[in-house]
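So the chains spell out like this:
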Amino acid sequence: MSGGVDSSVAALLTKEAGYRVLGCTMRLYENEDAGIPSGRTCCSLDDVEDARSVARKIGIPYQVFNFTGEFRSRVMERFAACYEAGGTPNPCLDCNRFLKFDRLLRRADELGYRMLVTGHYAKIGRDEEGRFTLLKGPDPRKDQSYFLCGMTQAQLSRTLFPLGSLTKEEVRRIAEEHGFLNAEKPDSQDICFVPDGDYAAFLRRFTGRDYPEGDFILRDGTVVGRHKGIVNYTVGQRRGLGVAWTESLYVIGKDLDRNAVILGPEKELYVREVRTKDMNWIRGIAPSRPFRCTAVTRYHQKEAWAEIVPLENGGIRAVFDEPRRAVSPGQAVVLYDGDRVIGGGEAVDSV
């Protein structure tokens, strides 16, 4: 229970379905670690009190679990390392993979609880062979299956998504009907430990390192300006470059050895092939031969058809029918068969 409306209604519906329910909030970091003195983040005292209030109204016990050590090593440090390696990380996937559906499930075992319930907008089903499937939620605007692509068969067998068939409007109406104080609480839009969106400032605080200025260059090595630190930029960025040129320039890559940010026209953002590492296959079985499906290379992106070629290193090569724009290392490439999630992995490069 993050303190938001989704997890609150998920807890309510689970209790009404007849389950024995324990509400819990994961304490993920100390605000000081992220340079946050106060405010409404998912780890703030305000959110804990909101979750506690809802648990009291529902009539379920409530606990706060301190997972700050695991979150720092498995999410925050990985976030920083990916940025420093030139990528654009997605820490929500790591949080689901290492905290919600791993550490929290182990805590459930310790306390004698069988199932983990979350407020994600996704569904769990079974295929013709009896294996668990991960399916999209009904509302494309809120579907969160992208962030769940790392789930395993064992995790799916122990998870409930009570909001899987509901829209956000229906969830807020249920919360209002039950008098929840967070019925109209806004959704969080930022990474929880970077609520102001200033990733570079977080990295300087977290790592204690400075990120020196360097050159903006074109692919041919032409210097066209100076950047303010390589971690301030991500593939596809156009605003805030401060470079005057004969045409609009975008970030198309980074040269870490030269501490340079590579710029180019928009057409150079498009790629046909993407390679990934660490693929997770929802069925628990890696395919042995190429196949076709749709794929996305970032959240809320329109799906596109591609040929998927499994690689011996556990990754894939996705060859898209049409070029994809601004694919960044560190983001998840997620594969779909209609509403069913096939699997996902981390993008490492593209051409």
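Treat the numbers as computed from the prediction; the structure is a model and nothing was measured.

Conventions and cut-offs
- Residues numbered from 1 in each chain as written.
- Predicted model: local features only at pLDDT ≥ 70, side-chain atom pairs only at ≥ 80, totals over all residues.
- Heavy atoms only, no water.
- Helix = DSSP H or I, 4+ residues; strand = E, 2+ residues; numbered from the N terminus.
- Rg over C-alpha atoms; globule rule 2.2 N^0.38 Å.
- Buried < 20%, exposed > 50% of the residue type's maximum accessible area, 1.4 Å probe, protein only.
- Areas by Shrake-Rupley, 256 points an atom, 1.4 Å probe, with all protein chains shown as cover.
- Lys, Arg positive; Asp, Glu negative; His and termini not counted.
- Charge placed at Lys NZ, Arg CZ, Asp CG, Glu CD.
- Axes fitted to C-alpha atoms, helices over the stretch in contact; angles between N-to-C directions.
- Parallel < 35°, antiparallel > 145°, perpendicular 65-115°, else oblique.
- Left-handed = near helix turned anticlockwise from the far one by under 90°.
- Contact = heavy atoms within 4.5 Å.
- Nonpolar A, V, L, I, M, F, W, Y, C, P; charged D, E, K, R; others polar.
- Core = buried A, V, L, I, M, F, W, Y, C linked by side-chain atoms within 4.5 Å.
- Pairing = 2+ DSSP bridges.
- Expected span 1.5 Å × (residues − 1).
- Phe/Tyr/Trp six-rings, centres within 6.5 Å; stacked < 30°, edge-to-face > 60°.

## Section: the overall build of the chain
Helix and strand counts for the chain stand at 7 helices and 16 strands. Against the globule reference of 20 Å for 351 residues, the chain gives a C-alpha radius of gyration of 21 Å, in line with a compact fold. Dimensions of the chain, computed from C-alpha atoms along their principal axes, come out at roughly 65 × 50 × 35 Å. A burial count over the chain gives 51% of its 351 residues as buried. Looking at the chain as shown, the accessible area adds up to about 16900 Å², and 47% of this sits on carbon and sulfur atoms. Of the charged side chains in the chain, 50 are positive and 50 negative, and the gap between their average positions amounts to 2 Å.

## A look at the packing of helix H1 (residues 5-16) against helix H6 (residues 168-177)
How two helices pack is summed up by the angle between their axes together with the distance between the axes. At a minimum axis separation of 9 Å, H1 and H6 run at an interaxial angle of 65°. By the angle class used here, H1 and H6 are roughly perpendicular. Both H1 and H6 take part in a crossing whose hand is left-handed. Counted together, Val5, Asp6, Val9 and Leu12 of H1 and Lys168, Val171, Arg172, Ile174 and Ala175 of H6 form the full contact between these two elements. Taken together, the residues of the contact of H1 with H6 sort by class into 6 nonpolar, no polar and 3 charged.

## Let's talk about the packing of helix H3 (residues 68-84) against helix H7 (residues 199-207)
Following both chains from N to C, one finds H3 and H7 inclined at 115°, their axes separated by 11 Å at the closest point. The hand of the H3/H7 crossing is left-handed. Here H3 contributes Arg72, Met76, Glu77, Phe79, Ala80, Tyr83 and Glu84 to the contact with H7, which in turn contributes Tyr199, Phe202, Leu203, Phe206 and Thr207. Residues that form the contact of H3 with H7 fall into these classes: 8 nonpolar, 1 polar and 3 charged.

## Here we look at the nonpolar core
The biggest cluster of nonpolar side chains holds 59 residues, and the ones touching the most others in it are Phe71, Leu99, Phe193 and Leu263. Residue assignment for this core shows that the elements contributing at least two residues are strand S1 (23-27), H3, helix H4 (91-111), strand S5 (132-136), H7, strand S10 (260-264) and strand S15 (332-337). Top element by residues in this core is H4. It accounts for 8 residues. With near-sequence residues (within four places) excluded, Leu99 lies in contact with Met26, Leu28, Phe67, Glu70, Phe71, Arg74, Val75, Asp94 and Leu104.

## Focus on unusual backbone geometry
Backbone geometry at His300 places phi at a positive 65°, although glycine is not the residue there. Looking at where His300 falls in the secondary structure, it is placed in the loop between strand S12 (291-296) and strand S13 (304-310). His300 sits in the exposed class, given a relative accessible area of 52%. The phi dihedral of Ala326 falls on the positive side, at around 55°, and the residue is not glycine. One can find Ala326 in the loop between strand S14 (316-325) and S15.

## Points about the pairing of S14
Of the pairings in the sheet, the one linking strand S11 (residues 270-281) to S14 comprises 5 bridges and is antiparallel in character. For Val271, the partnering residue across the bridge sits in S14 and is Arg324. For S13 and S14, the ladder comprises 5 bridges, and the chain directions are antiparallel. Bridge pairing in S14 links Val309 to Arg317. Hairpin connection between S13 and S14: a loop of 5 residues separates the two successive antiparallel strands, and Gly314 in this loop has a positive phi of roughly 90°.

## Examining helix H2 (residues 45-58)
Look at H2: 20 Å from first C-alpha to last across 14 residues, which is about the 20 Å you get at 1.5 Å a residue. Here the buried face of H2 lies against H1, S1 and strand S2 (62-66). Just beyond H2, the residue with positive phi is Gly59, at close to 90°.

## Thoughts on H7
Residues Ala200, Ala201, Phe202, Leu203 and Phe206 constitute the buried set of H7. Buried residues belonging to H7 abut H3. Just downstream of H7, Gly208 is the residue with a positive phi angle, here 75°.

## Concerning the side chain of Ser145
Tracing the backbone through its elements, the reader meets Ser145 in the loop between S5 and helix H5 (153-156). For Ser145, the contacting residues outside a window of four places in its chain are Tyr121, Ala122, Leu134, Leu135, Lys136, Tyr336 and Val341.

## Quick word on the packing of aromatic side chains
The relation between two aromatic rings is expressed through the spacing of the ring centres and the mutual angle of the planes. Within this structure, the stated rule accounts for 15 aromatic pairs. Relative to Tyr83, the ring of Phe79 has its centre 5.2 Å away and its plane inclined at 65°; by these criteria the two rings are edge-to-face. Of this pair, Phe79 and Tyr83 are both found in helix H3, 4 residues apart, which corresponds to roughly one turn of the helix. For the pair Phe79 and Tyr83, a shared accessibility class is recorded, and that class is buried. Measuring from ring centre to ring centre gives 5.2 Å for Phe202 and Phe206, while their planes differ by 20°; the resulting arrangement is stacked. Placement of the pair is Phe202 and Phe206 together in helix H7, with a separation of 4 residues, close to one helical turn.

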